[in-house]
Amino acid sequence: MTELEPREPQGEVEATNIGRRGFVRYLFGFSIVSTVVGVLTPVVSYLWPPSRSAQAVGGRVLVGTTADIPPGKATVLPVNDKPVIVVHTRDGQVRAFSAICTHLGCVCEWEEKRQFILCPCHDGRFNALTGAVMAGPPPAPLPPVATVVEGGNIYVGGA
Ligand code: FES
């Protein structure tokens, strides 16, 4: 430092260093806490999964109304963590089946034009009323899921 350069007062330099040190300590502490929380959260979630309501575990589930799924339509939705296809036939009958294809496990969809359940993977076809195999490689029908219609509400699952 030459004699011509202005000198900083000693107190300000100390205050700036303490501020930086404090900030670095804060960042270091924050990163440690973030890492610990990031590591522990999935472990705790795995060990103690969130509890579910009775309706979501084995009980019947309201999946919509007959207006939501009008005659001739169907929808695939998760029920108790499994895909279920709910079919409302053109003649007004409501059925539900597991949407997991019995061939290799693809999720089935609704073929609205031809009114059957279609597995898009290998063109497996299932009857909309019975879940029986109509064509393709599936070795077994789609398992039925209990269905109840009450006052226009469609419930699936349960006993
Ligand atoms: S997985 Fe469905 S027909 Fe092959």
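Bear in mind the structure is a predicted one, so any value in this text is a computation, not a measurement.

Parameters and conventions
Residues numbered from 1 in each chain as written. Predicted model: local features only at pLDDT ≥ 70, side-chain atom pairs only at ≥ 80, totals over all residues. Heavy atoms only, no water. Disulfide = S-S within 2.5 Å. Helix = DSSP H or I, 4+ residues; strand = E, 2+ residues; numbered from the N terminus. Buried < 20%, exposed > 50% of the residue type's maximum accessible area, 1.4 Å probe, protein only. Pairing = 2+ DSSP bridges. Axes fitted to C-alpha atoms, helices over the stretch in contact; angles between N-to-C directions. Core = buried A, V, L, I, M, F, W, Y, C linked by side-chain atoms within 4.5 Å.

Draft legend 1. Quick look at the state of the cysteines. A full pass over the atoms with the stated rule returns one disulfide. Disulfide partner of Cys106: Cys121, at an S-S distance of 1.9 Å. Classification of the bridge connecting Cys106 and Cys121 rests on its S-S torsion, roughly -100 degrees, and on that basis the disulfide is left-handed. Placement of Cys106 in the loop between strand S4 (94–98) and strand S5 (109–111) and of Cys121 in the loop between strand S6 (116–119) and strand S7 (124–126) is noted, with a sequence separation of 15 residues between them. Residue Cys106 is classed as buried on the basis of its relative accessible area, which comes to 19%. Here Cys108 is not cross-linked by a disulfide; its sulfur's nearest cysteine counterpart is in Cys119, at 4.7 Å.

Draft legend 2. Fine view of the sheet that holds strand S11 (residues 153–156). Strands sit in the order S1-S11-S10 across an open sheet of three strands; the sheet is antiparallel. Each edge of the open sheet is held by one strand with a lone partner, namely strand S1 (61–65) and strand S10 (147–150). Across the sheet, the mean angle from the axis of one strand to that of its neighbour is 30 degrees, orientation sign disregarded. Pairing geometry for S1 and S11, over four bridges, is antiparallel. Paired with Val61 across the strands is Val156, a residue of S11.

Draft legend 3. Spatial organisation of the nonpolar core. Of all hydrophobic cores here, the largest spans 14 residues; its most connected members are Ile85, Val87, Cys108, Trp110, Ile117 and Phe126. For this core, the elements supplying multiple residues, two or more each, are strand S3 (82–88) and S6. In terms of nonpolar packing, the next biggest core, distinct from the first, is built from twelve residues, Val61, Val63, Val94 and Val145 among them.

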